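# Observations on chain architecture
Next come the chains, spelled out residue by residue.
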Amino acid sequence: MSTDTAAAPVESTPAVPETKRARKHRKFSPWSVVAWIVALGFFFPVAWMVLTAFKQEGDAYTTPPKLFFTPTLDQFTAVLESGIGIALLNSAFATAMSTILVLVLGVPAAFALSLRPVRKTKDALFFFISTKMLPIVAAIIPLYVIVNDIGLLDNIWALVILYTAMNLPIAVWMMRSFFLEVPGELLEAASMDGASLWRSVREVILPLVSPGIAATALICVIFSWNEFFFAVNLTAVQAQTIPVFLVGFITGEGLYWARLSAAATLAALPVILAGWVAQNKLVRGLSFGAIK
């Protein structure tokens, strides 16, 4: 008497072990080594700055450089006692206010030049970007005269206005490219459902382009925080920003490497934290529309 035996089901290999096996047999690429070397080369000055900030001045001047030392917070204490707090507050205020003004002015302009284009849009775009073609050094004398005449010399509001004007053209161009990736049919569908233009922009368009707006805002923050030329020529004491404050460590007696490194570390920390907090929005914003 013969019995039919059912064929045993073939078990499929789980996806995770296959992924691990594929990683083990992945071909070695020399370009990955080159990429790591370039990345470490760019990161090394920052790492060395942070390392020097924990040294004494004597350890910072040794030749060859001293890699093993006793860390200390004396340089950070000296920098905090030298008045860096006022410079940080001035930079934070000028950066935050100018970035807010750039977004308030730039978002409607970018929307009008993309989804609701006006007449002679290309002429308007060229006018925006043409303001960046004039070297700052060629305009500093008339700007100094104007700022002095209106009583804003050594006033933080002068930097707010100038930083807004400096970043607005780039912001409009960037945000316009993000708005162009939004299908115009979305506005038409929202208007057919009875939504007003403001409601359509607020509830439909802005959530879609929010990564691009965040990326634009972060770039404006970096540009404003690091700006030196306007600040050094139009401020003295009351409106001194952090880049101008760092120059004060270069004296006729010499350069205080450890203390300057500590001050530079504190100055770079806010921008690094802002970039770290907004890194997801930044990556999405910079790659917005890259993949259809």
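Residues numbered from 1 in each chain as written. Predicted model: local features only at pLDDT ≥ 70, side-chain atom pairs only at ≥ 80, totals over all residues. Heavy atoms only, no water.

### Structural notes on the overall build of the chain
Just so we agree on the cut-off: A helix here means a DSSP run of H or I that spans at least four residues, while a strand means a run of E at least two residues long, and both kinds are numbered starting from the N terminus. We call two residues in contact whenever any of their non-hydrogen atoms come within 4.5 Å of each other. Using a 1.4 Å probe, accessible areas were evaluated by the Shrake-Rupley method; residue-level cover was limited to the displayed protein chains.
When its secondary structure is counted, the chain shows 14 helices and two strands. Contacts in the chain between residues far apart in sequence, at least 24 positions, make up 75% of those at least 6 positions apart. Carbon and sulfur atoms provide 69% of the accessible area of the chain, an area that totals close to 18,800 Å².

### Here's the deal with a nonpolar patch on the surface
For the record, the criterion: Patch building starts from residues that exceed 30% relative accessible area and form no salt bridge, then joins like charges within 9 Å and nonpolar side chains (Val, Leu, Ile, Met, Phe, Trp, Tyr) within 5 Å. Think of a salt bridge as a Lys or Arg side-chain nitrogen and an Asp or Glu carboxyl oxygen that are within 4 Å of each other.
On the surface, Trp-31, Val-34, Val-38 and Phe-42 cluster together into a nonpolar patch covering about 490 Å² of accessible area. With respect to the helices and strands, Val-38 occurs in helix H2 (residues 30–53).

### Thoughts on unusual backbone geometry
Its identity as a non-glycine residue notwithstanding, Asp-154 has a phi of 60 degrees, on the positive side. Within the element layout of this structure, Asp-154 appears in the loop between helix H7 (136–149) and helix H8 (156–180).

### Notes on the environment of Ile-222
As a reminder, the rule being used: Throughout this description, buried means an accessible area under 20% of the type-specific maximum (1.4 Å probe, protein chains only), exposed means over 50%, and partly exposed covers the range between.
In this structure, Ile-222 sits in helix H10 (residues 197–226). Ile-222 sits in the partly exposed class, given a relative accessible area of 30%. Once the C-alpha coordinates of Ile-222 and Ile-272 are considered, the two residues, 50 residues apart in sequence, prove to be 9.5 Å apart.

### With respect to the nonpolar core
Our working definition: Here, the term nonpolar core denotes a set of buried Ala, Val, Leu, Ile, Met, Phe, Trp, Tyr and Cys residues that are joined through side-chain atoms within 4.5 Å.
One finds Phe-111, Leu-115, Met-175, Phe-179 and Ile-205 to be the most contacted residues of the largest nonpolar core, which totals 20 residues. Those elements that provide at least two residues to this core are helix H5 (84–112), H8 and H10. Apart from the residues lying within four places of it in its own chain, the contact partners of Met-175 are Leu-103, Gly-106, Val-107, Ala-110, Ile-213 and Thr-216.

### Focus on helix H13 (residues 257–277)
The line we're drawing: Multiplying 1.5 Å by the helix residue count minus one yields the expected span of that helix. Two axes are fitted around each residue, one to the seven residues ending there and one to the seven starting there, and the angle between them is reported as the bend at that residue.
An ideal rise of 1.5 Å per residue puts 30 Å on 21 residues; H13 measures up with 30 Å between its terminal C-alpha atoms. Maximal helix bending in H13 amounts to about 30 degrees, located at Leu-269; proline Pro-270 follows within four positions.

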